[in-house]
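Chain and residue survey
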Amino acid sequence: MNVFFLGTGAAEGFPALFSRTPINREALRRGGKNLRLRSGILLDKTIRVDLCPDALAQVHKYPERDLTAIQHLLFTHTHDDHFAARELQYLSCNFAPDREGPLQVWGSEQALTKLQGEVKHFFEAPLLRSCVLEPFVEVQVGHLFVTPITAYHKSDELCFNFLFREAETDKRLLYASDTGWYAPKTWEFLESIPLDGAIIECGRGVSQSTYEGHLTLEQCIAFKEKLALKLGAPIYLTHICHTGLLLHEEMSELCAPHGISVAYDGLELSL
Ligand SMILES: [Zn+2]
Ligand SMILES: [Zn+2]
């Protein structure tokens, strides 16, 4: 399974769109791994998780990847940094005359209903095919199998994290963004799943914020300990926020003793 990090930043990006606090200034000065677009990953070239407001910038940034070729788009939830629904209007033949076949869009019933409200005529075309996900029910998405698991993130919406399984190799990857500490049902489900890798969000870093919809670094370390990880399975943090108060290098240093790495935009993993 090939995993490509399209973006690893939180909602406002890092450095942030409208903030020049010292950490944002320093991230801009250092550049490189400290420049984070909004979060999302690409799996095996054709399956994209979340469509952020930076999607076009990502197409331009990674020309060798042909991000226009995606066949499946999975939505974790409908916060703006993951759900730039109106960008899907550019699938139409006026804007993408070379595109063949509908894009299959996967999400909760609530997310897909919201999507239809934004780009209803494309469902009728059909440039989009809508596929509803149910919590803990595995579905086949292209050549991968995906189990949506219930995240702890937004009180008025069913938010998903995803467990990806590649049948030929029996490899499993957890993508855990956006979420706070899971409810017992999600932990019970994950307890028995051997994982070949995990990507965990760390939206709160070392801040004193009491918002429970994202994880602190301390929680990420405890989160890793609760997973049934195979020996040597890579763990990466993503959805990093400037309000978490850690630059890439500082966060990497704090994570290293726990066998955790910090993802960055453009990172590629092979499981
Ligand atoms: Zn987010
Ligand atoms: Zn969110």
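This one's a predicted model, so the numbers in the text were calculated from it and none came from an experiment. (Residues numbered from 1 in each chain as written. Chains lettered and ligands numbered in written order. Predicted model: local features only at pLDDT ≥ 70, side-chain atom pairs only at ≥ 80, totals over all residues.)

What follows concerns the sheet that holds strand E5 (residues 103-107). Across the sheet, which stays open at both edges, the seven strands sit in the order E6-E5-E4-E3-E2-E1-E14 with mixed pairing between neighbours. Of all the strands in the sheet, just strand E6 (128-132) and strand E14 (268-270) have a single pairing partner and so form its edges. Averaged over all neighbouring strand pairs, the angle between strand axes comes to 20 degrees, with direction disregarded. Bridge count between strand E1 (residues 2-7) and strand E2 (residues 40-43): four bridges; the pairing is antiparallel. Of the residues in E2, the one forming a bridge with Gly 7 is Gly 40. (Pairing = 2+ DSSP bridges. Helix = DSSP H or I, 4+ residues; strand = E, 2+ residues; numbered from the N terminus. Axes fitted to C-alpha atoms, helices over the stretch in contact; angles between N-to-C directions.)

Residues Leu 217, Cys 220 and Phe 223 constitute the buried set of helix H5 (residues 217-226). The arc enclosing the buried residues of H5, seen along the axis, measures out at 105 degrees, which places them on a common side. For H5, the exposed residues set more than 90 degrees away from the buried face come down to Ala 222, Glu 225 and Lys 226. Packing partners of the buried residues in H5 comprise strand E11 (197-201), strand E12 (235-238) and helix H6 (248-255). (Buried ≥ 20, exposed ≤ 12 C-beta atoms within 10 Å, placed from the backbone. Arc of directions from axis to C-beta. Contact = placed C-beta atoms within 7 Å.)

Moving on, we get to the sheet that holds strand E10 (residues 171-176). Sheet architecture is open: seven strands sit in the order E7-E8-E9-E10-E11-E12-E13, paired in mixed fashion. The open sheet is flanked by strand E7 (139-141) and strand E13 (261-262), the only strands paired with a single partner. Relative to E11, E10 is paired through four bridges, and the arrangement is parallel. Of the residues in E11, the one forming a bridge with Ala 176 is Ile 200.

Right, let's get into the environment of Pro 126. Relative to the elements of secondary structure, Pro 126 occurs in the loop between helix H3 (109-124) and E6. Pro 126 sits 25 residues away from Gly 101 along the chain, and the two C-alpha atoms are 8.5 Å apart.

Turning our eyes to something else, we now look at the pairing of E10. Counting buried positions over the six residues of E10 gives five, a clear majority of the element. Sheet analysis places strand E9 (residues 160-166) next to E10, joined by five bridges and oriented antiparallel. Across the sheet, Phe 164 pairs through a bridge with Leu 173, a residue of E10. Regarding the hand of the β-α-β motif, the stretch spanning E10, helix H4 (residues 184-191) and E11 is right-handed. (Right-handed = clockwise from strand over helix to strand, strands pointing away.)

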